[in-house]
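Okay, here's what each chain looks like letter by letter:
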Amino acid sequence: MAPAQACAQQVNDTEDKLLACVTLDGVLAHLREFDRIAKANGGHRAAGSAGYEASGAYAEKVLRDAGYVVTRSEFGFVRFDDLGGSVLRQMAPLPGADFAHEVMPYSGSGDVTASVTALAGPGCAAADFAGFPAGNIVLIERGGCDFSQKASLALAAGAAGVVVYNNAEGPVHGSLGEGFTADLPVLEVSQAVGRQLAGTPGLALRMAATTRRERGTTFNVLAESRAGDPDHVVMAGAHLDSVLDGPGINDNGSGSAAILETAVQMARVTPRHKVRFALWGAEEIGILGATDYVERLEPDALAKIALYLNFDMIASPNAGYFIYDGDDSDGIGEGPGPEGAGAIEKFFEAFYAARGKAFKGTDFDGRSDYGPFIRQGIPAGGIFSGGEDIKTADDAARWGGTAGIAFDPCYHAACDGLANLDLAVLDLNSDAVAAATLRYANDLGGIRGASAARPLQSVRAAAYTPPSDIRPRHLPALK
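Residues numbered from 1 in each chain as written. Predicted model: local features only at pLDDT ≥ 70, side-chain atom pairs only at ≥ 80, totals over all residues. Heavy atoms only, no water.

S.K.: Requested: an account of the state of the cysteines, with residues and values cited.
M.R.: Summed over the entire model, instances satisfying the criterion amount to three disulfides. Put simply, Cys410 and Cys415 are joined by a disulfide, and their sulfur atoms are 2.1 Å apart. Disulfide Cys410-Cys415: torsion about the S-S bond near -115°, hence left-handed. Of the residues examined, Cys410 reaches a relative accessible area of 12% and is grouped as buried. (Disulfide = S-S within 2.5 Å. Buried < 20%, exposed > 50% of the residue type's maximum accessible area, 1.4 Å probe, protein only.)

Written out as structure tokens, the structure reads:
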């Protein structure tokens, strides 16, 4: 660790100098500010909220004071608020009971007491609702199609409300998507609750939700180096927004703070290539900020982006060291990313190997802000410390921590505060953020040719959709 005075004066143009100056204390200073902002603004920093506005203003000041050219890019979105007081209560047969549940984002409002029909099929076609008793509440298992499709077909069949239960252990964490506008209450429950409800003869429920959906605006923060080849732009980004349920200090204050501190400590570097830092808005409701940014760029501007580095959740308290599997070397899930993504993966592998840290691939499925970039053939990569997935015994043997609980037990919850961080993981991963950004700012080896030759597509024509019916790591599930 270099003295703070030296870091304020020297040019951190080597990895050794930069990593000595990207300190845990520096990253934590940004995280403490995000935590303070959340506490002063209803406990969150969600897109469109006062907490997000304050977070953006803070980031803009940090980046502008460091000497970057800072811009704010606004875009429209539909804000969703669960206003509280939701109910899922068994009314018959007696005795009654209340069930744990969540209001699915973009649900409509309603207070309904009715008999329940458990659907035999997936609810993805009108035929699945043949003979459905109008006015009943429908109980549907997750799977087969988007939640919005299930809910829309249920409404068309006369359902008064929808309860979706998971098809695997754990919470659904679903979303109807901002395009769902029906005034129909939609609740989600676990697999165990859903099976209990489905197996209860003569079931009647009261279900209630009070929600608000309204159009609003939010923004991305972009900061660009004054020097560097503008025909080869290296981007590094993280989403700045939290969910409504908590302050989002790991998800994704951690990535945002590492980006900010990397930018501060690279401010005196004269990079070979233009460096552009991005803090994205509205990732938590559908990677909207990064998508809007990519959609707005002209083809020649897109072609100049050499690569994109993404940092989303890098300090989970029960952490693993995951690297986006850009070359599909694991052969799991989605296929490889654009040419050059494998080279980025290998950079991070070498970074961890040099420090004696075991690592593991994570599927390159596009479910964070790199999704819109890879859809355009832009090489991308990044790291991840784990979300709501359960740490296995093999994972615990590899990295330590506790098997049988989530990598981040406070994922999308009110407890995602300053105590919800593994500081050693944050320290090392912040170094990884800085090392990768500096490396590619000066050396596009393995990347340059792929960037220059890639075909361009229409993002709107090839908009990202979840590739399979599994829970996304960061993006609310649409299926």
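So, next bit.
S.K.: Give a detailed account of the sheet that holds strand β12 (residues 273–280), specifying residues and quantitative values.
M.R.: Spatially, β1-β10-β12-β11-β13-β16-β14-β15 is the arrangement adopted by the eight strands of the open sheet, whose pairing is mixed. Two strands in the sheet have a free side with no partner beyond their single neighbour: β1 (69–82) and β15 (360–362). If you compare each strand with its neighbour and ignore which way they point, the axes differ by 20° on average. Summarising the sheet, strand β11 (residues 229–239) and β12 pair through eight bridges and their orientation is parallel. Note that in β12 the partner of Val234 across the bridge is Val275. Helix α8 (residues 288–296) contacts β1, β10 (211–224), β11 and β12 of the sheet and is inclined by roughly 130° relative to β1. Along the sheet, helix α10 (residues 341–354) makes contact with β13 (305–311), β14 (322–324) and β16 (380–384), crossing β16 at roughly 35°. (Pairing = 2+ DSSP bridges. Helix = DSSP H or I, 4+ residues; strand = E, 2+ residues; numbered from the N terminus. Axes fitted to C-alpha atoms, helices over the stretch in contact; angles between N-to-C directions. Contact = heavy atoms within 4.5 Å.)

S.K.: How would you summarise the confidence of the model for the protein chain if you had to cite specific residues and measurements?
M.R.: Looking at the protein chain as a whole, its pLDDT mean stands at 92, while 93% of the residues score no less than 70. Low pLDDT, under 50, characterises residues 450–474; the stretch is placed with 81 contacts to residues that sit more than four places away or in other chains. (pLDDT = per-residue confidence, 0-100.)

S.K.: Please set out the nonpolar core residue by residue, giving values where relevant.
M.R.: Membership of the largest hydrophobic core comes to 86 residues, with the highest contact counts inside it found for Leu31, Met235, Leu309, Phe311, Phe348, Phe373 and Tyr440. Top element by residues in this core is helix α13 (residues 423–442). It accounts for eleven residues. Leaving out residues up to four positions away in the same chain, Leu31 has contacts with Ile249, Gly253, Ser254, Ala257, Leu418, Leu421 and Leu426. The next biggest cluster of nonpolar side chains, apart from the first, holds 39 residues, and it includes Met104, Val112, Leu176 and Phe180. (Core = buried A, V, L, I, M, F, W, Y, C linked by side-chain atoms within 4.5 Å.)

S.K.: Lay out α10 with the relevant residues and their values.
M.R.: The end-to-end C-alpha distance of α10, which contains 14 residues, comes to 20 Å, matching closely the 20 Å that a straight helix rising 1.5 Å per residue would cover. Among the residues of α10, those classed as buried are Ala341, Gly342, Ile344, Glu345, Phe347, Phe348, Phe351 and Tyr352. Elements in contact with the buried residues of α10: α2 (15–21), β13, β14, β16 and α13. Immediately downstream of α10, the backbone of Gly356 shows phi near 70°, a positive value. (Expected span 1.5 Å × (residues − 1).)

S.K.: Mind laying out the packing of aromatic side chains, listing which residues take part and the relevant values?
M.R.: This structure, assessed with the given rule, holds 22 aromatic pairs. Relative to Phe219, the ring of Tyr52 lies with its centre 4.9 Å away and its plane at 55°, an arrangement referred to as tilted. Taken together, the residues span a long stretch of sequence, with Tyr52 in helix α4 (residues 50–65) and Phe219 in strand β10 at a distance of 167 residues. For Tyr52, a relative accessible area of 1% puts it in the buried group. Take Phe219: its relative accessible area is 4%, and that puts it in the buried class. Measuring from centroid to centroid gives 6.4 Å for Tyr293 and Phe373, while their planes differ by 35°, and the two rings are tilted. Of this pair, Tyr293 sits in helix α8 while Phe373 is found in helix α11 (residues 371–374), placing the two residues 80 residues apart along the sequence. Taken individually, Tyr293 and Phe373 each receive the classification buried, so the pair is uniform in this respect. For Arg355, the ring lying beneath its charged end belongs to Phe351, and the centroid distance is 3.7 Å. In this arrangement the basic side chain of Arg398 is found over the ring face of Trp399, its NZ or CZ atom lying 5.2 Å from the centre. (Phe/Tyr/Trp six-rings, centres within 6.5 Å; stacked < 30°, edge-to-face > 60°. Lys NZ or Arg CZ within 6 Å of the ring centre and 35° of its normal.)

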